[in-house]
2 protein chains.
Amino acid sequence: MEHISLLSSSQHSFFTAIQKNKAPPLPFRLSKKRTYRRTPRLRCQKMYVPGFGEASPEAKAAKHLHNFFTYVAVRIVTAQLESYNPEAHLELKEFLDKHSVNDGDKFCADLMRESPRHKNIALRILEVRSVYCKKDFEWDNLELLASKMVNESNTRLMRDYVLETSDVENQE
Amino acid sequence: MEHISLLSSSQHSFFTAIQKNKAPPLPFRLSKKRTYRRTPRLRCQKMYVPGFGEASPEAKAAKHLHNFFTYVAVRIVTAQLESYNPEAHLELKEFLDKHSVNDGDKFCADLMRESPRHKNIALRILEVRSVYCKKDFEWDNLELLASKMVNESNTRLMRDYVLETSDVENQE
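Here is a short report on the structure shown in this document. Because the structure is predicted, anything quoted here is derived from the model rather than measured.

**Thoughts on the overall build of chain A**
Part 1 of the argument: Assigned secondary structure in chain A consists of 8 helices and 0 strands.
Part 2 of the argument: The secondary structure elements of chain A, listed N-terminal to C-terminal, are α-α-α-α-α-α-α-α.
Part 3 of the argument: In chain A, which comprises 172 residues, the proportion classed as buried is 35%.
Part 4 of the argument: Put simply, of all contacts in chain A between residues at least 6 apart along the chain, 44% involve residues at least 24 apart.

Written out as structure tokens, the structure is:
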């Protein structure tokens, strides 16, 4: 074991500890690595939202918005057809009287199977809802409006409650 | 006017024109500025969405999300109360059996007026929905999921229609 004599004293103790099957006193570099491994823990500071199973609240909200986009696309296409294709406009109107747009995908599937002309309108609706979702809809504005709505609603609810239960009105 | 002789021929004509109170032949840089001023016209290339009156589709979607956030806040508070305040948890559960959360603001207003203890739960729900909307809800994720959902739904609807109407299945 001549090569051991070339090592420094700390390195020597490290290797001899390995030979004795003991946990070696870790040199500085190794112990620093362990500290590094400990830091990136998953610390989720969000509130626990139960009852969504495997899906997230975002996925549920996206599903609602998906149906909303179909509703908007139907309105857009109806207005477009009114100006340049009165016959197709009438057909779509009649179809709308009999079918609900609440389930957007079902509405489009039914519209496709009504007739070849209805199918073309359905394809147009699919195209419009895709473009509307990706280009026209103002996502930043949605976030701003929702935050503002929460603030205003909370203030209004608390103010109304205080006015009802306090003597403010009687004193005036 | 010895310094004019130091200028180039185009610069010379520019200065002499100023001296004669005439509109000078504009050098390249200035004429480019005028072009720049003309470009930022308001050109709205968005599709016309009828039927929303004074409100926008974004405002309507924000209203939907507002009710959704109240629903999520009710779920969060119910789960929190279950672990540290079983009495309040039971009271909220009983109230939920009798009242719908579909109209979030009405639900909170009714909860506030049920009893002083219910009022505290209602205030907690108002607080939680505000924090959830502003901090916990993943807006970017919502946009991504909605775009993905539109793509997948459109593809599925068209594929199903083609499979139904073509001879692909018969040939297999």
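**Quick notes on the relation of the copies chain A and chain B**
Part 1 of the argument: Each copy of the sequence occupies a distinct position, and chain A is placed on chain B by a rotation of 180° and an axial shift of 0.0 Å, giving an RMSD of 0.0 Å. Classification of the inter-copy transformation places it as that of a two-fold axis.
Part 2 of the argument: Most of the interface of chain A is mirrored in chain B: 100% of its interface residues are interface residues there too.

**Let's talk about the nonpolar core**
If you look at soluble globular proteins, the nonpolar side chains tend to sit buried side by side.
Part 1 of the argument: Among the nonpolar cores identified, the biggest contains 73 residues, and Leu 142 of chain A together with Leu 142 of chain B are the most heavily contacted of them.
Part 2 of the argument: Contact partners of Leu 142 of chain B, with chain neighbours within four places excluded, come to Glu 58, Ala 61, Ala 62, Leu 65, Trp 139 and Leu 142 of chain A together with Leu 65 and Phe 137 of chain B.

**Structural notes on the packing of helix α3 (residues 57-84) of chain B against helix α6 (residues 116-136) of chain B**
Residue and element names in this part refer to chain B.
Part 1 of the argument: Between α3 and α6, whose axes approach to 8 Å, the crossing angle comes to 120°. One finds that α3 runs oblique with respect to α6. Relative to α6, α3 is oriented so that their crossing is right-handed. Contacts between α3 and α6 involve His 66, Phe 69, Thr 70, Val 72, Ala 73, Val 74, Ile 76, Val 77, Gln 80 and Leu 81 from the former and Ile 121, Arg 124, Ile 125, Val 128, Arg 129, Tyr 132 and Cys 133 from the latter.
Part 2 of the argument: Residues of the contact of α3 with α6, tallied by class, amount to 12 nonpolar, 3 polar and 2 charged.

**Structural notes on the side chain of Ser 130 of chain B**
Part 1 of the argument: Counting through the fold element by element, Ser 130 of chain B comes out in helix α6.
Part 2 of the argument: Overall, Ser 130 of chain B belongs to the buried group, its relative accessible area being 14%.

**Quick notes on a negative patch on the surface**
Part 1 of the argument: On the surface, Asp 140 and Glu 143 of chain A together with Asp 140 and Glu 143 of chain B cluster together into a patch of negative charge.
Part 2 of the argument: Contributions of two or more residues to the negative patch are made by α7 (139-165) of chain A together with α7 (139-165) of chain B.
Part 3 of the argument: The exposure class of Glu 143 of chain A is partly exposed, given its relative accessible area of 31%.

**Overview of the layout of surface pockets**
Part 1 of the argument: Considered as a void within the structure, the largest pocket measures approximately 480 Å³ in volume.
Part 2 of the argument: Taken together, 16 residues form the lining of the largest pocket, with His 64, Leu 65, Asn 67 and Phe 68 of chain A together with His 64 of chain B sitting closest to its centre.
Part 3 of the argument: Taken together, the elements giving at least two residues each to the lining of the largest pocket come down to α3 (57-84) of chain A together with α3 of chain B.
Part 4 of the argument: The residue inventory of the lining of the largest pocket, partitioned by class, reads 9 nonpolar, 5 polar and 2 charged.
Part 5 of the argument: Estimated volume of the second largest pocket: approximately 230 Å³.
Part 6 of the argument: Around the second largest pocket, the lining residues are Pro 50 of chain A together with Tyr 71, Val 74, Arg 75, Thr 78, Ala 79, Glu 82, His 89, Lys 93, Leu 96 and Val 101 of chain B.
Part 7 of the argument: Of all elements in the fold, only α3 and α4 (86-98) of chain B reach the threshold of two or more residues within the lining of the second largest pocket.
Part 8 of the argument: Counting residues per element, the lining of the second largest pocket draws most heavily on α3 of chain B, which supplies 6 residues.

**Observations concerning the packing of aromatic side chains**
Part 1 of the argument: On inspection of all chains with the given rule, the structure shows 16 aromatic pairs over all chains.
Part 2 of the argument: An angle of 65° between the planes, with centres 5.7 Å apart, marks the rings of Phe 69 of chain A and Tyr 132 of chain A as edge-to-face. Within this pair, whereas Phe 69 of chain A is found in helix α3, its partner Tyr 132 of chain A is found in helix α6 (residues 116-136), the two being separated by 63 residues in sequence.
Part 3 of the argument: Measuring from centroid to centroid gives 5.9 Å for Phe 69 of chain B and Trp 139 of chain B, while their planes differ by 80°, and the two rings are edge-to-face. Taken together, the residues Phe 69 of chain B in helix α3 and Trp 139 of chain B in helix α7 connect sequence positions 70 residues apart. The residues Phe 69 of chain B and Trp 139 of chain B share a single accessibility class, namely buried.
Part 4 of the argument: Taken together, Phe 68, Phe 69, Tyr 71, Tyr 132, Phe 137 and Trp 139 of chain A form an aromatic cluster joined through their ring pairs.

**Describing the pattern of salt bridges**
Residues and elements named next belong to chain A.
Part 1 of the argument: Overall, the coordinates contain 18 salt bridges over all chains when judged by the stated rule.
Part 2 of the argument: Between Lys 106 and Asp 110 there is a salt bridge, and its shortest N-O distance comes to 3.0 Å. One end of the pair is Lys 106 and the other is Asp 110, both in helix α5 (residues 104-114) and 4 residues apart, which spans about a single turn.
Part 3 of the argument: Beyond isolated ion pairs, a larger network of salt bridges with shared partners links Glu 87, Glu 91 and Arg 117.

**Structural notes on the packing of α6 of chain A against α7 of chain B**
Part 1 of the argument: At their nearest, the axes of α6 of chain A and α7 of chain B sit 9 Å apart, and the two run at 165° to each other. As far as their axial angle goes, α7 of chain B and α6 of chain A are roughly antiparallel. The crossing of α6 of chain A and α7 of chain B is left-handed. Facing α6 of chain A, whose interface residues are Lys 119, Leu 123, Leu 126, Arg 129, Ser 130, Cys 133 and Lys 134 of chain A, α7 of chain B presents Ala 146, Ser 147, Val 150, Asn 151, Ser 153, Asn 154, Leu 157, Met 158 and Tyr 161 of chain B.

Scoring rules and cut-offs
- Residues numbered from 1 in each chain as written.
- Chains lettered and ligands numbered in written order.
- Predicted model: local features only at pLDDT ≥ 70, side-chain atom pairs only at ≥ 80, totals over all residues.
- Heavy atoms only, no water.
- Helix = DSSP H or I, 4+ residues; strand = E, 2+ residues; numbered from the N terminus.
- Buried < 20%, exposed > 50% of the residue type's maximum accessible area, 1.4 Å probe, protein only.
- Contact = heavy atoms within 4.5 Å.
- Least-squares fit on C-alpha atoms with pLDDT ≥ 70 in both.
- Core = buried A, V, L, I, M, F, W, Y, C linked by side-chain atoms within 4.5 Å.
- Axes fitted to C-alpha atoms, helices over the stretch in contact; angles between N-to-C directions.
- Parallel < 35°, antiparallel > 145°, perpendicular 65-115°, else oblique.
- Left-handed = near helix turned anticlockwise from the far one by under 90°.
- Nonpolar A, V, L, I, M, F, W, Y, C, P; charged D, E, K, R; others polar.
- Patch = residues over 30% accessible without salt bridge, like charges linked within 9 Å, V, L, I, M, F, W, Y side chains within 5 Å.
- Areas by Shrake-Rupley, 256 points an atom, 1.4 Å probe, with all protein chains shown as cover.
- Salt bridge = Lys/Arg side-chain N within 4 Å of Asp/Glu carboxyl O.
- Lys, Arg positive; Asp, Glu negative; His and termini not counted.
- Charge placed at Lys NZ, Arg CZ, Asp CG, Glu CD.
- 1 Å grid on protein atoms, 1.4 Å probe; cavity = no way out; pocket = protein on both sides within 12 Å on 5 of 7 lines; lining within 4 Å.
- Points joined across faces, edges and corners; volume = space filled by probe spheres on them.
- Phe/Tyr/Trp six-rings, centres within 6.5 Å; stacked < 30°, edge-to-face > 60°.

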